[in-house]
Amino acid sequence: MRLPFFVYGTLRPGEPNHDLFLRGRTSAEEPGRLSGAVLYDGPGYPYAVEEPGGAVSGELVTARPEAYDELLAALDRLEEYVPGDPRSLYERVELEVVRDADGAAVHAWVYVAAPAVAARLRARGKLIEGGDWRARRR
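Residues numbered from 1 in each chain as written. Predicted model: local features only at pLDDT ≥ 70, side-chain atom pairs only at ≥ 80, totals over all residues. Heavy atoms only, no water.

Draft legend 1. Region of the structure containing the overall build of the chain. For the chain, the helix and strand inventory stands at three helices and six strands. Ordering the α and β elements of the chain from the N terminus gives β-α-β-β-α-β-β-α-β. Compactness check: the chain gives a C-alpha radius of gyration of 14 Å against a globular reference of 14 Å for 138 residues, within 12% of the reference. Taking the principal axes of its C-alpha atoms as reference, the chain extends roughly 40 × 35 × 25 Å. Within the span of the chain, comprising 138 residues, buried residues form 49% of the whole. Taking contacts inside the chain between residues at least 6 apart in sequence as the whole, the part at least 24 apart equals 67%. Looking at the chain as shown, the accessible area adds up to about 7,300 Å², and 51% of this sits on carbon and sulfur atoms. Separation of charge centres in the chain, based on 18 positive and 22 negative side chains, amounts to 5 Å. (Helix = DSSP H or I, 4+ residues; strand = E, 2+ residues; numbered from the N terminus. Rg over C-alpha atoms; globule rule 2.2 N^0.38 Å. Buried < 20%, exposed > 50% of the residue type's maximum accessible area, 1.4 Å probe, protein only. Contact = heavy atoms within 4.5 Å. Areas by Shrake-Rupley, 256 points an atom, 1.4 Å probe, with all protein chains shown as cover. Lys, Arg positive; Asp, Glu negative; His and termini not counted. Charge placed at Lys NZ, Arg CZ, Asp CG, Glu CD.)

In structure tokens:
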């Protein structure tokens, strides 16, 4: 499935990985909101953890068709996601994201903390209040 991606951390516009990975590979980048998740601070990047009642701000990124496969592989490497590998930091899952502009619900790929990482974060992680990586206290 060629779904858009929902990015909420270092891949957002103005953040360090945006230009490295997304510049020239996207046809649209639109603000959106993921319900049912919260953000935890990681070592220089955030983790989304599925959590009822939470919400995460970010962007819905639509890849250019000719760049999709290359971008998907690059993002999987960046997020250290290997399907079925218990050592993965993240899992890529299909979730519903609401586009800010029109309130439309869009299915998108979202990198969420892998189960073992999510358990550690819930136990002793630093929650990013408000679910917005850009608004965190530094």
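Draft legend 2. Representation of the pairing of strand 2 (residues 26-41) in the model. Sheet topology places strand 2 next to strand 3 (residues 46-63); 14 bridges connect them, and they run antiparallel. Its bridge partner lying in strand 3, Y40 is registered against Y47. Sheet analysis places strand 2 next to strand 6 (residues 126-128), joined by three bridges and oriented antiparallel. Counterpart to Y40 in the pairing with strand 6 is L127. (Pairing = 2+ DSSP bridges.)

Draft legend 3. Structural detail: the side chain of E79. On the secondary structure map, E79 appears in the loop between helix 2 (68-78) and strand 4 (90-99). Summary of buried charges: E79 has no salt-bridge partner, and the nearest side chain of opposite charge, R92, is 9.7 Å away. Once residues lying within four places of it in the same chain are set aside, the contact partners of E79 are L11, L89, Y90 and Y111. (Salt bridge = Lys/Arg side-chain N within 4 Å of Asp/Glu carboxyl O.)

Draft legend 4. Spatial organisation of the environment of R99. Positionally, R99 belongs in strand 4. For the pair formed by R99 and E30, sequence separation is 69 residues and the distance between their alpha carbons is 7.0 Å. R99 has contacts with E30, P31, G32, L60, A104 and V106, leaving out every residue within four places of it along the chain.

Draft legend 5. Quick look at the environment of F6. Within the fold, F6 resides in strand 1 (residues 5-7). Accessibility expressed as a relative area gives 2% for F6, which makes it buried. Taking the C-alpha atoms as reference points, F6 and V117, separated by 111 residues in sequence, lie 20 Å from one another. Each residue touching F6, except ones within four places of it in the same chain, is listed here: G32, R33, L34, V56, S57, G58, E59, L60, V97, A108, W109 and V110.

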